[in-house]
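Close look at the chain arrangement
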Amino acid sequence: MGNARRGNHTKARLAVLVFGILLAQACSASREDTVNRLVRELGDKDSVTRVNAAMALADMGPAHKDATPALAVAVLYRNLNVRYYAIKALKAMGPAAKPAVPQLIKALDTFPGGSQTLEGPERYYADARAVAAEALGAIGHDAKDAIPALNKALQDPNPYIP
């Protein structure tokens, strides 16, 4: 009788293990589908949809590396909310966001009255610059090309810019 119980217990453990593996695969496929949908929405014509997609990617943390190219493009969108959350998503990715360094450097130069008219209140300009500096810091030594732009950012008149 003891061997039968042990056999049933082993079968139950194996079933739980298989279920866990299948569940993990389903979740990762679902996460990948979600990231792909959000990347498509980053390019939507509606700015609210773009903002929501950028916010969702920022909330997902560093597990959305496939979104890097789309986020790099979104960093330079006219809507400052989209910019902010796209940059925040890249910041969460850390060194994996290295391909977005050129766009993040450009985002450091987000000022009212600049070369591009942007959508959002004036205070959002500073927020975009601050999170861009933070994202470059999170990327680390792979963002060394940003050093001159970061040195310039240190002269920023806004006290909240790191």
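Residues numbered from 1 in each chain as written. Predicted model: local features only at pLDDT ≥ 70, side-chain atom pairs only at ≥ 80, totals over all residues. Heavy atoms only, no water.

A separate point is the pattern of salt bridges. Side chains that differ in charge, positive against negative, can pair when their charged atoms come close. Per the counting criterion, the structure on display carries four salt bridges. Between Glu-119 and Arg-78 there is a salt bridge; the shortest N-O distance is 4.0 Å. Here Glu-119, found in the loop between helix 5 (101-107) and helix 6 (122-139), pairs with Arg-78, found in the loop between helix 3 (68-74) and helix 4 (80-93); they are 41 residues apart in sequence, far enough to count as distant. Between Lys-91 and Glu-134 there is a salt bridge, and its shortest N-O distance comes to 2.9 Å. On the criterion of sequence distance, the pair formed by Lys-91 in helix 4 and Glu-134 in helix 6 is long-range, its members being 43 residues apart. Residue Glu-134 is classed as partly exposed on the basis of its relative accessible area, which comes to 33%. (Salt bridge = Lys/Arg side-chain N within 4 Å of Asp/Glu carboxyl O. Helix = DSSP H or I, 4+ residues; strand = E, 2+ residues; numbered from the N terminus. Buried < 20%, exposed > 50% of the residue type's maximum accessible area, 1.4 Å probe, protein only.)

Packing of helix 4 against helix 6 leaves a shortest axis separation of 9 Å and a crossing angle of 15°. Of the possible angle classes, the one that applies to helix 4 and helix 6 is roughly parallel. Regarding helix 4 and helix 6, the two cross each other, and that crossing is left-handed. Side by side, helix 4 and helix 6 meet where Leu-80, Asn-81, Tyr-84, Ile-87, Lys-88 and Lys-91 of the first sit next to Tyr-124, Tyr-125, Asp-127, Ala-128, Val-131, Ala-132, Glu-134, Ala-135 and Ala-138 of the second. (Axes fitted to C-alpha atoms, helices over the stretch in contact; angles between N-to-C directions. Parallel < 35°, antiparallel > 145°, perpendicular 65-115°, else oblique. Left-handed = near helix turned anticlockwise from the far one by under 90°. Contact = heavy atoms within 4.5 Å.)

Purely geometric stuff here, so don't read any function into it on its own.
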